[in-house]
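Chain and residue survey
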Amino acid sequence: MPGETDLHKTLKKEACRWLFRMGYRCIAAEVRLPPLGIIDSVGTGLFRPYHNYLFIPRDLPQVCFIECKASRADFLRDCSDDGQMSLCLMERERNRRANKRRRFPKRLRQTVGLGKFEACLLQPMANIHYVLAPAGIIQKKDLPPRWGLLSFGEGGINVVVRSEWQECARTEHVEGAIARALTGDIYRADDRAINSVNREIFSQQQRMAEKIRAIKPQVVLAPDPPPLAQTPRSAVQVGPRG
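A few points on the structure.

Rules used throughout
- Residues numbered from 1 in each chain as written.
- Predicted model: local features only at pLDDT ≥ 70, side-chain atom pairs only at ≥ 80, totals over all residues.
- Heavy atoms only, no water.
- Helix = DSSP H or I, 4+ residues; strand = E, 2+ residues; numbered from the N terminus.
- Areas by Shrake-Rupley, 256 points an atom, 1.4 Å probe, with all protein chains shown as cover.
- Expected span 1.5 Å × (residues − 1).
- Buried < 20%, exposed > 50% of the residue type's maximum accessible area, 1.4 Å probe, protein only.
- Contact = heavy atoms within 4.5 Å.
- Polar contact = N/O pair within 3.5 Å; in protein donor to acceptor, adjacent residues only side chain to side chain.
- Phe/Tyr/Trp six-rings, centres within 6.5 Å; stacked < 30°, edge-to-face > 60°.
- Lys NZ or Arg CZ within 6 Å of the ring centre and 35° of its normal.
- Pairing = 2+ DSSP bridges.
- Arc of directions from axis to C-beta.

1. Focus on the overall build of the protein chain
Within the protein chain one finds six helices and six strands. Per element, the accessible surface of the protein chain, about 16700 Å² overall, is 55% carbon and sulfur.

Here it is in structure tokens:
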């Protein structure tokens, strides 16, 4: 993503690795899911009996969303303001009543003004929701409802707060979005390779320019020539006159 920091890229990679270790097999980063927007890391999978999130004796499909936050300001940006949830619910109720009078009611997608955390509650698409951030940035009291907290440190990712299970999920829709994201990555692979080569060349040029600027000009003067040896007059041989 343009303007993305190296820490945020690292968090997304670690989130995808953590999802794979947890047993998810359909994983992608930067998945576009309207109307929620772009989810940093998404994983889906079918878990065996007693190996699923609820420890129940049957196969259970699971969908997990992970939002990566490199700073506290980035976390607060996705939190909705006070009153926005009530306003959105009032708008949905008004539109639902209007749809009853229509022959072909339209689908409700009212999440205007809500942050990504609250939008996931009104438009449920995943069973498990986590926020991944460096250790010490987000506290337990700051978490939105039903969201869990993953902490990233030197030892890897640790579960600080376990996410609450949400029964409603749209596995087929999420897997289709993952497939579109992975297909787009394949088509953009050549562009990314060329851009990475260009970035490496540019960084080499920058390092070379810094080395050149670090060279201090030095003035080297030629040594003075040695003085001519003066021969004493008595040692001069004078020839005979005439």
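2. Re helix α1 (residues 6-22)
Here α1 contains 17 residues, and its C-alpha end-to-end distance of 24 Å stays within 8% of the 24 Å for a straight helix at 1.5 Å per residue. Of the positions making up α1, those classed as buried are His8, Leu11, Lys12, Glu14, Ala15, Cys16, Trp18 and Leu19. Once α1 finishes, Gly23 follows within two positions and takes phi at roughly 115°, a positive value.

3. Here we look at the environment of Ala135
You can see Ala135 is positioned in the loop between β4 (128-134) and β5 (148-153). What makes Ala135 exposed here is its relative accessible area of 55%. Along the sequence, Ala135 and Leu150 sit 15 residues apart, while their C-alpha atoms lie 8.6 Å from each other. If near-sequence neighbours (up to four positions away) are discounted, Ala135 is found in contact with Ser151 and Phe152.

4. Quick look at the environment of Glu30
In this structure, Glu30 sits in strand β1 (residues 26-33). Each C-alpha atom of the pair Glu30 and Ala181 lies 7.2 Å from the other, and the pair is 151 residues apart in sequence. At 2.6 Å, the side chain of Glu30 and the side chain of Lys12 are in polar contact.

5. Thoughts on the packing of aromatic side chains
Under the counting rule described, the total for this entry stands at five aromatic pairs. When the ring of Tyr53 is compared with that of Trp165, the centres are 5.9 Å apart and the planes differ by 25°; the resulting orientation is stacked. Remark: Trp165 occurs in the loop between β6 (156-161) and α5 (171-187) and Tyr53 occurs in the loop between β2 (37-47) and β3 (60-68); sequence separation between them is 112 residues. Its guanidinium or amino end placed over the ring of Phe20, Arg25 lies 4.2 Å from that ring's centre, counting from NZ or CZ.

6. Looking at the pairing of β4
Summarising burial for β4: seven of the seven residues are buried, a large majority. Side chains Ile128, Tyr130, Leu132 and Pro134 project from β4 onto one buried face, and the interleaved His129, Val131 and Ala133 project onto a second face that is buried too. Across five bridges, the pairing between β3 and β4 is parallel. Bridge assignment links Ile66 to a residue of β4, and that residue is Tyr130. Relative to β5, β4 is paired through five bridges, and the arrangement is parallel. Within β5, the position partnered with Tyr130 by the bridge is Gly148.

7. Overview of α5
Residue pairs spaced three or four apart in an α-helix point in one direction, given the helix's 3.6 residues per turn. Look at α5: 25 Å from first C-alpha to last across 17 residues, which is about the 24 Å you get at 1.5 Å a residue. Buried residues of α5: Thr171, Val174, Ala177, Ile178, Ala181 and Gly184, and no others. The arc that holds every buried residue of α5, seen down its axis, measures 155°, which confines them to one face. Residues of α5 that are exposed and point over 90 degrees away from its buried face: Glu172, Arg180, Ile186 and Tyr187. Structurally, α5 contributes buried residues whose contacts are with β1, β2 and β3.

8. Here we look at unusual backbone geometry
Not every positive phi belongs to a glycine, and Glu30 is a case in point at roughly 55°. Phi is positive for Phe55, close to 55°, though the residue is something other than glycine. Looking at the element boundaries, Phe55 is found in the loop between β2 and β3. Its relative accessible area of 55% is what places Phe55 among the exposed residues.

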